[in-house]
Amino acid sequence: MCSMDKDACDFQEQLDIENNSRAVRTHWVLNAPDPPGLGHELVGTIKKTVFPRRNKSSSSFSQKLGSRYAVSLLQGLFPILEWVRNYKATKFRNDLMAGLTLASLSIPQSIGYANLARLDPQYGLYTSVLPPLIYALMGSSREIAIGPVAVVSLLISSMIPKLVDPVSDPIAYRDLVFTSTFFAGVFQAVFGLFRLGFLVDFLSHAASVGFMGGAAIVIGLQQLKGLLGINHFTDKTDVISVAEAVWRSIHHPWSPLNAALGCSFLIFILMARFLGKRNKKLFWLPSISLLLSVILSTLIVFLTRADKHGIKILKHIKGGINPSSAKHLQLNGPNVGAAAKTGLISAIVALAEGIAIGRSFASIRGYHLDGNKEMAAMGFMNIAGSLTSCYVATGSFSRTAVNFSAGCETGVSNIVMAATVFLSLQLFTRLLYYTPTAILASIILSALPGLIDFNEAYNIWKIDKLDFLACIGAFFGVLFVSVEIGLLAAVTISIGRILLNAIRPGTEVLGKLPGTDVFCSTNQYPMAVKTSGILIIRIHSAFLCFVNANSIKERIMLWVNKEGQGEEEDKKAKSRTQVLILDLSDLMNIDTSGILALEELHNKLVSLGIQLAITNPWWYVIHKLKSANFVNKIGATSVFLTTVEAVDACVTSKMVNP
């Protein structure tokens, strides 16, 4: 019946089968379900944060109780409910030892960081009681140690004094700190519940390295006041102002005894830390050395009455349970906007530091840490803290490292630490009356080397020069201007880099690797072969939008014109471009400006006699192209699942003429 020979009939039959299969796969692309709407996504983000993934056994358990969603909600908000049922005495023993070791480090550091934040010492201790308890209930990290940290304390002491003088009006200053802490907690909780963690990522790793390094130097210079017993010092944080204040203090009375006592114990603490790093069995020595320094220096001052000879001491520390501070929040005052600004900056810095620490130790022990749940936990922790006389708390690297080395198993170590600090507030605050302020300066100075990472800065320089620009911008911004300007410089450079990549995204011509069905960049793989009459271009942008649509359209036309010019110059070259295939596999979304640019591109190509085809459009992209009637304009037969299918269709349907 067939007039052709048998081979021709078989080929035609195989071609029909292939065309039918290709048509089926094109149908898959064009008839995918509609993507979820914005409202559905917002509700879904909250559900993902609040409701944990559940296994079959826990699901059946909750169904037996008749309250599956209630149990899921509680376990989402309080991860402790998931693992506490399997908690054993052996784990508690390890957590108990880790918590006690942690407390020996936390007590002196908390007092020192409160001094850095220009608050009374008890507020640092308060911050090491309730926030760790809340985090132990709501957080999912097993190792992170919660409490006040140096960088956040510096942020507070550099921003709030611009509004209220902590010396002339300490009560108003304290109230603004509580208000800023409340706003920090609200921002953190919102970031976590709505899965907005990408906002914190604007403070990139490189920017964090520079920011932490600059902050460490500023903190160190500010501790010269306590270490040297300087009476007249500056409230500014930039290195020039601090250096001038130190130089001027030479001509004013200062206490050599303060300097001798502080430097002696600083050397002792650093030696203990060195020995602890050299011998892992002595992991407890650095944390114990801080507590020993406080005890010994207090005894020395008490026995010698050195406070009568120029040694500055803490004097009275208010003990007892955390007092309520809800009535002290200034949510309607004239400084509420500035307090919210301080809270936002503190929230971002605290989250960036805390989550980075938690993830690094989680990766060591091989479990996943959900950043959005961590944000929510830290947010509720700081909201509760602001109502109970605490200031912004987050994870501390030095204390977390001690907690990890001490063998902590769960968040119970935070509970043990908080209970120990609470007992100290009840029983031992009177014993700290004669503690010299020089010791607090020594404790803070001893923690600063861990914040300056020269090796990582060098690695950033080797790997990515633009990343290093963000790093060095944050470093010099903190060092020579202010903490907030340094942070702003880091974020601005990071956003500028993102905008640069968004405005000028990459486009590349694809060719087929010999012996494979893989199409890849002809620049990266020079052996890739172009198909005669077909120009394949991949768009390297996640979002084709008003920012980059015209740039991408013009760049594609440059490729088309370049191919045409090359063909005119070389008559023996491949035939002119007859089909342009756009590989949209990297494109995640598109807006109306992007669709308009594609329509203009299609019209130009039609005027040049070139057909347009698209491959592998993502869910949202094909949905919007269909809604804008763009698919009908280019034809449903010009939409393909893969680039290989698009090329084969062009060749077999003779859309390309040799």
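Residues numbered from 1 in each chain as written. Predicted model: local features only at pLDDT ≥ 70, side-chain atom pairs only at ≥ 80, totals over all residues. Heavy atoms only, no water.

Within an unreviewed UniProt entry, the label attached to the protein reads Low affinity sulfate transporter 3-like, and the organism entered is Nelumbo nucifera. UniProt, in the comment section headed Subcellular location (unreviewed entry), describes the protein in these words: "Membrane". (UniProt positions renumbered as here; feature names shortened; annotations may be inferred.)

*Asks:* Quick one: what's the story with unusual backbone geometry, residue by residue and with numbers?
*Replies:* The backbone of R305 shows a phi angle near 55°, a positive value even though the residue is not glycine. On the secondary structure map, R305 appears in the loop between α15 (285-304) and α16 (336-365). One non-glycine residue, N616, lies in the positive phi region at around 50°. If you trace the backbone, N616 turns up in the loop between β9 (611-615) and α26 (619-627). Take N616: its relative accessible area is 33%, and that puts it in the partly exposed class. (Helix = DSSP H or I, 4+ residues; strand = E, 2+ residues; numbered from the N terminus. Buried < 20%, exposed > 50% of the residue type's maximum accessible area, 1.4 Å probe, protein only.)

*Asks:* Let's hear about the sheet that holds strand β7 (residues 579-583): which residues, and what values?
*Replies:* The strand order across the open sheet built from six strands is β4-β3-β5-β7-β9-β10, with neighbouring strands paired in mixed fashion. Both outer strands of the open sheet, β4 (519-521) and β10 (639-640), are each paired with one neighbouring strand and no more. Against the sheet, helix α25 (residues 592-607) makes contact with β7 and β9, and its axis sits at roughly 160° relative to β7, the strand it touches most. (Pairing = 2+ DSSP bridges. Contact = heavy atoms within 4.5 Å. Axes fitted to C-alpha atoms, helices over the stretch in contact; angles between N-to-C directions.)

*Asks:* How would you explain the packing of helix α9 (residues 150-159) against α16 if you had to name every residue and give the values?
*Replies:* Taken N-terminus to C-terminus, the directions of α9 and α16 make an angle of 165°; their axes are 10 Å apart at the nearest point. Judged on the interaxial angle alone, α16 and α9 are roughly antiparallel. Classified by chirality, the crossing of α16 by α9 is right-handed. For the pair α9 and α16, contact is made by V151, V152, L155, I156 and M159 and by K341, T342, I345, S346, V349, A350 and E353, respectively. Classifying every residue of the contact of α9 with α16 gives eight nonpolar, two polar and two charged. (Parallel < 35°, antiparallel > 145°, perpendicular 65-115°, else oblique. Left-handed = near helix turned anticlockwise from the far one by under 90°. Nonpolar A, V, L, I, M, F, W, Y, C, P; charged D, E, K, R; others polar.)

*Asks:* I'd like a description of the nonpolar core, backed by residues and values.
*Replies:* In terms of nonpolar packing, the biggest core is built from 105 residues, with I156 and F211 touching the most fellow members. Listed in part, the 33 residues of the second largest apolar core include L535, L544, L582 and L598. (Core = buried A, V, L, I, M, F, W, Y, C linked by side-chain atoms within 4.5 Å.)

*Asks:* Account for the UniProt feature "transmembrane region" (unreviewed entry) in the protein, with residues named and values stated.
*Replies:* Here the UniProt-annotated "transmembrane region" (unreviewed entry) positions come out as residues 134-156, 176-196, 202-221, 257-276, 282-303, 431-452 and 472-495. Between the end C-alpha atoms of residues 176-196 there is a gap of 26 Å, over a span that is 86% helix and 0% strand. For the annotated span residues 472-495, helix accounts for 92% and strand for 0% of the residues, and the straight-line distance between the end C-alpha atoms is 15 Å.

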